[in-house]
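Coordinates in review
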Amino acid sequence: MNAIVEQPQSNNLRARRMALDTHDQPVILTRRDCPVCRSEGFSAHARVRVQNGSRRIIATLYQIDADWLAPGEAGLSESAWHRLQIAEGDEVHLSHPQPLNSLSLVRGRIWGRRFTRQALNDIMTDVAAGRYADIHIAMLLTVMATGGLDEGEVIALTDAMIRAGDTLNWGREPIADKHCVGGLPGNRTTPLVVAIIAACGLWMPKTSSRAITSPAGTADTMETLAPVDLDTNAMRRVVEREGGCIVWGGAVRLSPVDDMLIRVARVMDLDAEAQLVASVLSKKIAAGSSHLVLDLPVGPTAKIRERTEAEELGLRLKSVAEHFGLATRVLITDGRAPVGRGIGPALEARDIISVLGRHADAPTDLRERALVLSAELLELTGAARPGEGRAQAEQTLDSGAAASKFEAICVAQGGLRQPPVARRRYLILAKRRGRVLSIDNRRLGRVAKLAGAPGAPAAGVELHCTLGDSIEREQPLYTIHAETTGELNYAREFAFSNGDIIDIAEPD
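Residues numbered from 1 in each chain as written. Predicted model: local features only at pLDDT ≥ 70, side-chain atom pairs only at ≥ 80, totals over all residues. Heavy atoms only, no water.

**Side note on the packing of aromatic side chains**
For any pair of aromatic rings, geometry is given as the distance between the ring centres together with the angle between the planes. In this structure the tally under the stated criterion is two aromatic pairs. Judged by centre distance (6.1 Å) and plane angle (90 degrees), the ring pair of Trp170 and Trp203 falls under edge-to-face. Within this pair, whereas Trp170 is found in the loop between α6 (151–163) and β7 (176–180), its partner Trp203 is found in the loop between α7 (190–199) and β8 (204–208), the two being separated by 33 residues in sequence. Take Trp170 and Trp203: they sit in the same class, and that class is buried. Ring centres of Tyr426 and Phe496 lie 6.4 Å apart, and the angle between their planes is 90 degrees; this geometry places the pair in the edge-to-face category. Placement of Tyr426 in strand β13 (residues 424–429) and of Phe496 in the loop between α18 (485–495) and β18 (502–505) is noted, with a sequence separation of 70 residues between them. Above the plane of the ring of Trp203 lies Arg172, whose end atom (NZ or CZ) is 4.1 Å from the centre. (Phe/Tyr/Trp six-rings, centres within 6.5 Å; stacked < 30°, edge-to-face > 60°. Helix = DSSP H or I, 4+ residues; strand = E, 2+ residues; numbered from the N terminus. Buried < 20%, exposed > 50% of the residue type's maximum accessible area, 1.4 Å probe, protein only. Lys NZ or Arg CZ within 6 Å of the ring centre and 35° of its normal.)

See the structure below:
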């Protein structure tokens, strides 16, 4: 006699919120004996389409043998929950996703078949829709890094990334923008440049990122001073009122595939020039920018290690930008050491406030970088004549006009805040006297992360010296800020391991 197999009445399951943080990867959990999974042939790690009404996502399936999911329930990660915008107990429908045909185009590039414009549009559309798992994105990034894309492919990739998201049109020019390729802890020039440029009467609607592997992104730092999760309409209202903003780019869906690519690339520790160029320019073009200044810091522990590498990257960026009508100026800057004193959201915010407030102890290197970038933007946009941008930027900052404009922008974004202060601190002292010879940017950033940044906004590192400073034995080098004793201890232990983060050369 044949056994009777229970058949599911439908492919619907009741949604249950698991409070499971999977970053931006949607995950669905079911029981192993789930009749829907058995009927559809879903097994652990399958890609499943999950639908609630008109909203649908592609999620990775994991299965459990425990009883903490009831029969007929599906557990959803926080990412899946928010994207579907559902309530506890709502039904979700499970089905097979569409075949991932564009992946064959990625495989073709491995064997030397050049990407066409349509191929890259198809690939980016699938990535934006969440159809690519991390392993598929890793495959795409590896193709870009090892095979290299020619300029035509990079232009097509940039265009495809723009098309995969929303775009902004401000109905006027110039629209100013700036970008730093990263690799320097601190270097929080964006809020200062926005304040100076907007105070000079130009529009600078700035979208910025949150940290992925660094101690703070510009959006993390700005969030300690004002709300940054503004949608497109709110962003437009702020810019029309004050001429500038500093908001989180993830809230306005400009080139959304960029964040997906960057997240996987950081895990792989892989830098593909084609992806970097398309990443930077797609967001700027999608944001409606017409004039862009690029900051490429070079240093032994920065993202770009050699000047020749920066020069080649700068030429590629300018060439692709010109294709889209984006006026661009590239600055190759000193990336040997952190910029400012603070590393971590709140500590960097305090540096910004001190520069805007013209405090006597404000970090001069941060002020100088902000003035240089602002001067270049003023001249590039035609707001200042060649050679006169520096004087105009400096007068705007020193008169207090930039500080007033920054406060007005914060108020327009939802209100000016006071950055938080960490409850625990530990001072790192010099072991000997001498002169600061080098600072390891990457390891210092790691200390700030172990201390809790950016998740704990007040955590991080506060520098007390910079390159070339004369140091006495037991003089403070930097202070670790943390919210918990455990994080403080982790950061302190790392700071004392594997040699000195700040190298002090003994006097002759």
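**Some words on the packing of helix α4 (residues 117–128) against α6**
In contact at an axis separation of 9 Å, α4 and α6 are set at 40 degrees when each is read in the N-to-C sense. The two elements α4 and α6 cross, and the hand of that crossing is right-handed. Contacts between α4 and α6 pair Arg117, Leu120, Asn121 and Met124 from the former with Glu153, Ile155, Ala156, Leu157, Asp159, Ala160, Met161 and Arg163 from the latter. Here the contact of α4 with α6 is built from residues that sort into seven nonpolar, one polar and four charged. (Axes fitted to C-alpha atoms, helices over the stretch in contact; angles between N-to-C directions. Left-handed = near helix turned anticlockwise from the far one by under 90°. Contact = heavy atoms within 4.5 Å. Nonpolar A, V, L, I, M, F, W, Y, C, P; charged D, E, K, R; others polar.)

**What to know about the pairing of strand β15 (residues 460–463)**
Judged from the two bridges that link them, strand β12 (residues 342–343) and β15 form a sheet pairing that is antiparallel. Directly across from Ile343, in β15, lies its bridge partner Val461. Here four bridges tie β15 to strand β17 (residues 476–482), and the two strands are oriented antiparallel to one another. By the bridge assignment for β17, Gly460 is matched with His481. (Pairing = 2+ DSSP bridges.)

**Some words on the sheet that holds strand β3 (residues 47–52)**
Around the barrel, six strands lie side by side as β1-β5-β2-β4-β3-β6; this closed barrel has mixed pairing. This sheet shows a mean twist of 45 degrees between the axes of neighbouring strands, independent of strand direction. Where strand β1 (residues 12–17) meets strand β6 (residues 91–95), three bridges bridge the pair, whose relative direction is antiparallel. Each bridged residue has a counterpart across the sheet, and for Leu13 the counterpart in β6 is Val92.

**Topic: the environment of Asn11**
Here Asn11 lies in the segment before β1. Separated by 364 residues in the primary sequence, Asn11 and Ala375 place their C-alpha atoms 60 Å from one another. A polar side-chain atom of Asn11 sits 2.8 Å from a polar atom in the side chain of Glu40. (Polar contact = N/O pair within 3.5 Å; in protein donor to acceptor, adjacent residues only side chain to side chain.)

**Details of unusual backbone geometry**
Cis geometry marks the peptide bond from Glu173 to Pro174, where omega comes out at 0 degrees. Along the chain, Pro174 turns up in the loop between α6 and β7. Note the cis peptide between Ala453 and Pro454, where omega equals 0 degrees. By the element assignment, Pro454 lies in the loop between α17 (441–450) and β15. Even without being glycine, Ala19 reaches a positive phi, approximately 55 degrees.

**Considering the nonpolar core**
A general feature of soluble globular proteins is that nonpolar side chains tend to end up buried together. Counting residues in hydrophobic clusters, the biggest one holds 47 residues, and the most contacted among them are Met124 and Leu281. Those elements that provide at least two residues to this core are α3 (103–110), α4, α5 (134–147), α6, α10 (256–268), α11 (273–286), β10 (291–298) and α12 (307–323). Among all residues touching Leu281, those that are not within four sequence positions of it are Thr158, Leu292, Leu317, Val320, Ala321 and Leu326. Grouped together as the second largest cluster of nonpolar side chains are 40 residues, Val194, Ala349, Ala370 and Ala402 included. (Core = buried A, V, L, I, M, F, W, Y, C linked by side-chain atoms within 4.5 Å.)

**Digging into the sheet that holds strand β16 (residues 470–471)**
On the basis of which strands lie adjacent, the open sheet formed by three strands has the order β16-β14-β18 and antiparallel pairing. The open sheet has two free edges, formed respectively by β16 and β18, since each of these has just one partner strand. Pairing of strand β14 (residues 434–439) with β18 involves four bridges; the strand directions are antiparallel. Residue pairing in the sheet places Ser438 in a bridge with Asp503 of β18.

**Brief notes about α18**
The α-helix advances 3.6 residues per turn, and as a result positions three or four apart in sequence lie on the same side. Where α18 is concerned, the buried positions are Leu488, Ala491, Phe494 and Ala495. Each buried residue of α18 sits inside an arc of 135 degrees when the element is viewed along its axis, so together they form one side. Exposed positions of α18 whose direction lies more than 90 degrees from the buried face are Tyr490 and Glu493. At its buried positions, α18 is contacted by β13, α17 and β17. (Arc of directions from axis to C-beta.)

**As for the packing of helix α13 (residues 345–356) against helix α16 (residues 401–413)**
Interaxial distance between α13 and α16 falls to 9 Å at its minimum, and their mutual angle equals 135 degrees. In this view, α13 runs oblique relative to α16, as classed from their interaxial angle. Of the residues in α16, those touching α13 at Ile352, Ile353 and Leu356 are Ala402, Ala403 and Phe406. Class assignment for the residues of the contact of α13 with α16 results in six nonpolar, no polar and no charged. (Parallel < 35°, antiparallel > 145°, perpendicular 65-115°, else oblique.)

**Some points on the pattern of salt bridges**
Oppositely charged side chains may form a pair once their charged atoms are brought near each other. By the definition in use, this model includes 40 salt bridges. Here Arg263 ties to Asp24 by a salt bridge, and the two come within 2.8 Å at their closest N and O atoms. Here Asp24 lies in the loop between β1 and β2 (27–31) and Arg263 lies in helix α10, a separation of 239 residues in the sequence. The exposure class of Arg263 is buried, given its relative accessible area of 10%. (Salt bridge = Lys/Arg side-chain N within 4 Å of Asp/Glu carboxyl O.)

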